[in-house]
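Here is what each chain is made of, one letter per residue.
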Amino acid sequence: MKTPLFNCFNEYNGLLSLTITGNYGETRPELFSGSRTHSTDRTMDLGLAEDHFSRPVGSFVASDIEQLKLAIEECKKLIPELPEHSERQKDTVVKLIHLRLKLQELKDPEEDEPNLRVLLEHRFSKEKSKSVKQNCDKCNTFIWGLIQTWYTCTGCYYRCHSKCMNLITKPCVKSKVSHQSAYELSICPEIGLDRQDYRCAECRTPISLRGIPSEARQCDYTGQYYCSTCHWNDTAIVPARVIHNWEFEPRKVCRSSLRYLALMIARPVLRLKEINPLLFNFVEELVEIRKLRQDILLMKPYFVTCKEAMEARLFLQLQDRQHFVENDDMYSLQDLIDIYSGRLSCSLTEIHTTFAKHIKLDCERCQAKGFVCELCKEGDILFPFDSHTSVCHDCSAVFHRDCYYDNSTTCPRCARMTERKQDEMPHVKEA
């Protein structure tokens, strides 16, 4: 004869059957060992073959709350009676946890939660996803999307349970990016646990390297130590190591540094020729990219005054790297990562070829803006981005490189401009 406990489990089996996972979403097989065909021998069936994300038809009413309370009491009575550490006892404990969570949800309906909440510059938006693959950034436990309300910050993607929101002490990292768009450029600037008073640099929880009362974990970006709640051993590429050592091996960083680096990765805030100019002497790829960027800047005046180029929106090919059409010395961390992997060289060379083809072959208006070498007065039409040309720094006239460096006199165009100014001077004095 079936007890009310079994009746309640059968009624809510499709909703409350959830797998038990570890810290990072890995299934713990020890809780579900044994063949599925022997499930009838257990006191309860976890319903692993069921659809865990479905809801029973209809809405919950007061009788459902009473049935849940009855099932919880039955679980509490049954657990001590089962063999200790047995699979049946583990299954019953799991059921008890989820019955209590469901009871809490029924008492505090999800509809009462606002869709948008603002806290410490976070803009939290209520999530509708029922995935259980997320962890709460506050309590470092799973977010059971099926039965728990949770929020995500639209700025820094901080995730947390609804119940954890009032415990948050970390301000939104996006505000730091907006007010302070600069990297820490010292490699792991450690100050020591004693300077931190043996406390987590973020939440001030007592920590030590011996793990008592909590393990101290160092962030390779800030150099400071954090507790296991603020540092999950996530890894990221550290800008300081890239700029000084050209090293791209991911290092362990705290959660706030991970989010900050993710938001900063595409921002062009690194001026390499000032931070580490010697890097261009040892990394050939950087020299190649710098030359391509300089050529694109020389092509820009042609496109700005070309109707066909504006209609074709050629510059949209660089929409993800707008700084490439503004300067040639600012880099983002993503630029350096793509240079190291070789992706940027391939894509930028292709864009350079497309731009040059428009100016030199496809567009008559752009072709008419070319130059003739005034030193030898021979050869084809020259453009400032051609590899065999040189440009006068004063008047921007274009010459063959060999002609320009072999010429012992001044630039012919500069000479004409000087004579013209001298001819205009007497007329100015007479006036």
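About the cut-offs
- Residues numbered from 1 in each chain as written.
- Predicted model: local features only at pLDDT ≥ 70, side-chain atom pairs only at ≥ 80, totals over all residues.
- Heavy atoms only, no water.
- Helix = DSSP H or I, 4+ residues; strand = E, 2+ residues; numbered from the N terminus.
- Salt bridge = Lys/Arg side-chain N within 4 Å of Asp/Glu carboxyl O.
- Buried < 20%, exposed > 50% of the residue type's maximum accessible area, 1.4 Å probe, protein only.
- Pairing = 2+ DSSP bridges.

(A) Structural view of unusual backbone geometry. Although it is not a glycine, Cys188 sits at a positive phi angle of roughly 45°. Following the sequence through the fold, Cys188 ends up in the loop between α4 (173-179) and β7 (217-218). Unusually for a residue other than glycine, Arg313 sits at a positive phi of about 55°. In this fold, Arg313 is placed in the loop between α10 (307-312) and β12 (330-331).

(B) Structural detail: the pattern of salt bridges. A full pass over the atoms with the stated rule returns 19 salt bridges. Residue Asp335 is joined to Arg321 by a salt bridge in which the shortest nitrogen-to-oxygen separation is 2.4 Å. Of this pair, Asp335 sits in helix α11 (residues 333-341) while Arg321 sits in the loop between α10 and β12, placing them 14 residues apart in sequence. Both residues of the pair, Asp335 and Arg321, count as buried. The residue Asp338 makes a salt bridge to Arg321 at a minimum N-O spacing of 2.6 Å. With Asp338 in helix α11 and Arg321 in the loop between α10 and β12, this residue pair connects regions lying 17 residues apart in the sequence.

(C) Structural detail: the pairing of strand β2 (residues 122-126). What you see with β2 is a clean split: His122, Phe124 and Lys126 sit on the buried side and Arg123 and Ser125 on the side with no burial. Strand direction decides the pairing type here: strand β1 (residues 116-119) and β2, joined by four bridges, are antiparallel. Counted as the bridge partner of Leu116 is Ser125 from β2. Connecting β1 to the next strand, β2, in antiparallel fashion are two residues, including Leu120 with a positive phi near 50°. For β2 and strand β5 (residues 150-153), the ladder comprises three bridges, and the chain directions are antiparallel. Within the sheet, the bridge partner assigned to Lys126 lies in β5 and is Tyr151.

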